[in-house]
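Fold and contact review
This is what each chain is made of:
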Amino acid sequence: MAEGAIDPSELGERLVGSGADDVERAAEAALRPKRLDEFVGQQVVRDQLSLVLQASLARDTAPDHVLLSGPPGLGKTTLAMIIAAELGTSLRVTSGPAIQHAGDLAAVLSSLEEGEVLFIDEIHRLARPAEELLYVAMEDFRVDVVVGKGAGASAIPLALPPFTVVGATTRSGLLPAPLRDRFGFTGHLDFYAAGELERVILRSAGLLGVDVRHEAAHEIAGRSRGTPRIANRLLRRVRDWAQVRGDGVLDLRAARAALEVYEVDPIGLDRLDRAVLNALCRRFGGGPVGLTTMAMTVGEEPETVETVAEPYLVREGLVARTPRGRVATAEAWAHLGLEPPAGTWASGSGTVEPGTTGRSRTLFDEV
C-alpha cells in the first residue's frame, strides 16, 4: 500500500462502508456465528475448510495454516473464530499493523500453547523483519531469539509447540510469495447474493430480538452491497427508525423510510457515490474525467474517491476506468434518470464508442 493511501478496512464511518471501528466490531460480536454450520454463504470455502478441520481432528494434529482473502466485511474474522471453536482451542488475535518489529511477533509466538490458533488480520501489512521470523515459525515451529548486540550477538533457537496461523488479507497480491506458500489452505471470500444476505438479516434480527418482515429483509439485502457487515449495520439503523418513528415492526415501509433518512438508495449508493455519478454525468457529460479533477469536484481527497467510492461503482458497472479517465456507463445515466448521449459506454463493452472520447485531453488531468 502506498504511503498515505487509505486502507478500506479502516473506513467504518460510512453507513455503507465495509470497514469497522472498535464500536462496530463490538456490535458485531453478538451476531457472529459460532460454528461452520451456522455460517451463511461462502459454500465452497465452508466445505473445503470443513474437510481440513475434520481431517486434523481425526489425526489429532494441528491443521495446516489457513489464509483467508477477500474484501472487508465478508466474514474472515468470523471464520478465524470458528476455526478455533471447531478445534476446541483458544484464539490469539493480532494484526499486521500492530506487529512492526520481529520482537513483537516473537513474544506472541513464544507464548502460544500447543494447538492454539493465531489470527493475524491484515497480514499483508506485517513489517518485513516480522515476516521473515514468521516464515521459520510457520514451517519449522521455532523462533531464533537474538541475545546480545553487535558482533557478540548470537541466535538461540526456541522450539514452539504446533500451532495454526490464520491470516486474513484484503489484498492478497501484496503478500510475498514465501509467506503465501506457507499456507496449506487458501480460501477466497466472494460478495454475497441477495438471498444469502436475507438469511443473514433474518438470523441477526432473531438474535437482536426484533420483528422483521421478509419483504423488509429483502429490501435491506438489496442495499447492502453484497456485504454482511453492511447488512447488519443497515438492519440496526432500520430498527432505530422503527422504534423511534414507527411501531417497532421492521416492515417494508420502515426499511424504505429509514434508508431514505440515511441516504442509502435502492442499489446501495450513498451521498459520495451519487456525487461521483452526478459529477460525471451532469458536470462532465459522461467523461472521461481524471481522478484529481473528479475529487476536486466532489470535495474529497483523490485517495477517498479512488479507494472508497470507485470500487463499488466499477463493480456495479456504473463507472468504467479508461486510460483517459473515468467514464460513466449507460447504467449510470439510467440510475440517475437521465438520457445518455449517443455512443455512451455500455457496461462490459470493453470499448469506448465514438462520441465519448472527443474531448480535449488538456481539459482533464491524469487517470
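Residues numbered from 1 in each chain as written. Predicted model: local features only at pLDDT ≥ 70, side-chain atom pairs only at ≥ 80, totals over all residues. Heavy atoms only, no water.

**Structural notes on the overall build of the chain**
Helix and strand content of the chain: 14 helices and eleven strands. Counting only residues that meet the buried cut, the chain has 47% of its 367 residues in that class. When the accessible area of the chain is evaluated, it comes to approximately 17000 Å², of which 52% is carbon and sulfur surface. (Helix = DSSP H or I, 4+ residues; strand = E, 2+ residues; numbered from the N terminus. Buried < 20%, exposed > 50% of the residue type's maximum accessible area, 1.4 Å probe, protein only. Areas by Shrake-Rupley, 256 points an atom, 1.4 Å probe, with all protein chains shown as cover.)

**Digging into the pairing of strand S6 (residues 164-169)**
Across the six residues of S6, six count as buried, placing the element largely inside the fold. Inspection of the sheet shows strand S1 (residues 66-69) paired to S6 by four bridges, in the parallel sense. Across the sheet, the residue bridging to Ser69 is Thr169, located in S6. (Pairing = 2+ DSSP bridges.)

**Some words on the nonpolar core**
One recurring pattern in soluble globular proteins: nonpolar side chains tend to sit buried together. Membership of the largest hydrophobic core comes to 43 residues, with the highest contact counts inside it found for Leu49, Leu79, Ile83 and Val166. Setting aside anything within four residues of it in sequence, one finds Leu49 in contact with Leu36, Val66, Leu79, Ile83 and Phe185. In this structure, Val276, Val308, Val319 and Ala332 belong to the second largest nonpolar core, which totals 24 residues. (Core = buried A, V, L, I, M, F, W, Y, C linked by side-chain atoms within 4.5 Å. Contact = heavy atoms within 4.5 Å.)

**Details of the pattern of salt bridges**
Any two side chains of opposite charge can pair, so long as their charged atoms come close to each other. Applying the stated criterion to the full structure yields 17 salt bridges. The residue Arg182 makes a salt bridge to Glu139 at a minimum N-O spacing of 2.9 Å. Residue Arg182 is located in the loop between helix H6 (177-180) and strand S7 (185-188), and its partner Glu139 is located in helix H5 (residues 128-140); the two are separated by 43 residues in the primary sequence. Note on Arg182: relative accessible area 25%, which makes it partly exposed. (Salt bridge = Lys/Arg side-chain N within 4 Å of Asp/Glu carboxyl O.)

**Comments concerning the packing of aromatic side chains**
The geometry of an aromatic ring pair comes down to the distance between the two centres and the angle between the two planes. Within the structure shown, the criterion is met by one aromatic pair. Aromatic side chains Phe141 and Phe163 sit 5.4 Å apart centroid to centroid with 80° between the ring planes, which places their arrangement in the edge-to-face category. With Phe141 in the loop between H5 and strand S4 (142-147) and Phe163 in the loop between strand S5 (154-159) and S6, this pair connects stretches of sequence that are 22 residues apart. A relative accessible area of 26% places Phe141 in the partly exposed class. Over the ring of Tyr312 we find Arg225, and its NZ or CZ is 4.1 Å from the ring centre. The ring of Phe191 has Arg315 lying over it, and the distance from NZ or CZ to the ring centre is 3.5 Å. (Phe/Tyr/Trp six-rings, centres within 6.5 Å; stacked < 30°, edge-to-face > 60°. Lys NZ or Arg CZ within 6 Å of the ring centre and 35° of its normal.)

**Some words on the sheet that holds strand S3 (residues 117-121)**
Read across the sheet, five strands follow the order S2-S3-S6-S1-S7 without closing on themselves; strand pairing throughout is parallel. Each edge of the sheet is formed by a strand with only one pairing partner; in this case those strands are strand S2 (91-95) and S7. Neighbouring strand axes in the sheet, compared pairwise and without regard to direction, differ in orientation by 15° on average. The strands that helix H3 (residues 76-87) touches are S1, S2, S3 and S6; relative to S3, the one it contacts most, it runs at about 175°. (Axes fitted to C-alpha atoms, helices over the stretch in contact; angles between N-to-C directions.)

**A word on the confidence of the model for the chain**
Of the residues in the chain, 82% reach a pLDDT of 70 or more, and the chain-wide mean stands at 81. Considering only residues more than four positions removed or in separate chains, one finds that residues 1-12, a stretch of pLDDT under 50, has 28 contacts. Confidence drops under a pLDDT of 50 for residues 348-367, and excluding neighbours within four residues, the segment shows 41 contacts in the predicted structure. (pLDDT = per-residue confidence, 0-100.)

**A closer look at the packing of helix H7 (residues 194-208) against helix H8 (residues 214-222)**
In helix packing, the relevant descriptors are the interaxial angle and the interaxial distance, both defined with respect to the helix axes. In the contact formed by H7 and H8, the axes pass within 8 Å of each other and the chain directions differ by 120°. If you check the angle between H7 and H8, you find them oblique. In this structure, H7 meets H8 at a crossing whose hand is right-handed. In contact with Ala194, Leu197, Glu198, Ile201 and Leu202 of H7, H8 contributes His214, Ala217, His218, Ile220 and Ala221. When grouped by side-chain class, the residues that make up the contact of H7 with H8 number seven nonpolar, two polar and one charged. (Parallel < 35°, antiparallel > 145°, perpendicular 65-115°, else oblique. Left-handed = near helix turned anticlockwise from the far one by under 90°. Nonpolar A, V, L, I, M, F, W, Y, C, P; charged D, E, K, R; others polar.)

**Notes on helix H4 (residues 102-110)**
Within H4, the full set of buried residues consists of Leu105, Ala106 and Leu109. One side of H4 carries all its buried residues, which in axial view fall inside an arc of 105°. (Arc of directions from axis to C-beta.)

**Topic: the side chain of Glu116**
In this fold, Glu116 is placed in the loop between H4 and S3. The exposure class of Glu116 is buried, given its relative accessible area of 5%.

**Points about helix H10 (residues 252-261)**
All of the buried residues in H10 are Ala254, Ala255, Ala258 and Leu259. End-on view of H10: buried residues confined to an arc of 115°, all on one side of the axis. Opposite the buried face of H10, at more than 90 degrees from it, the exposed residues are Arg253 and Glu260. Structurally, H10 contributes buried residues whose contacts are with H8, helix H9 (228-244) and strand S9 (249-250).

**Section: the environment of Pro178**
Within the secondary structure layout, Pro178 lies in helix H6. The partly exposed category is assigned to Pro178, whose relative accessible area is 37%. For the pair Pro178 and Glu131, spaced 47 residues apart in the sequence, the C-alpha separation amounts to 9.2 Å.

**What about the pairing of S7?**
Burial of S7 is one-sided: the residues Phe185 and Gly187 facing one way are buried, the residues Thr186 and His188 facing the other way are not. As defined by bridge partners, S1 adjoins S7 across four bridges and the pair is classed as parallel. Counted as the bridge partner of Leu67 is Thr186 from S7.

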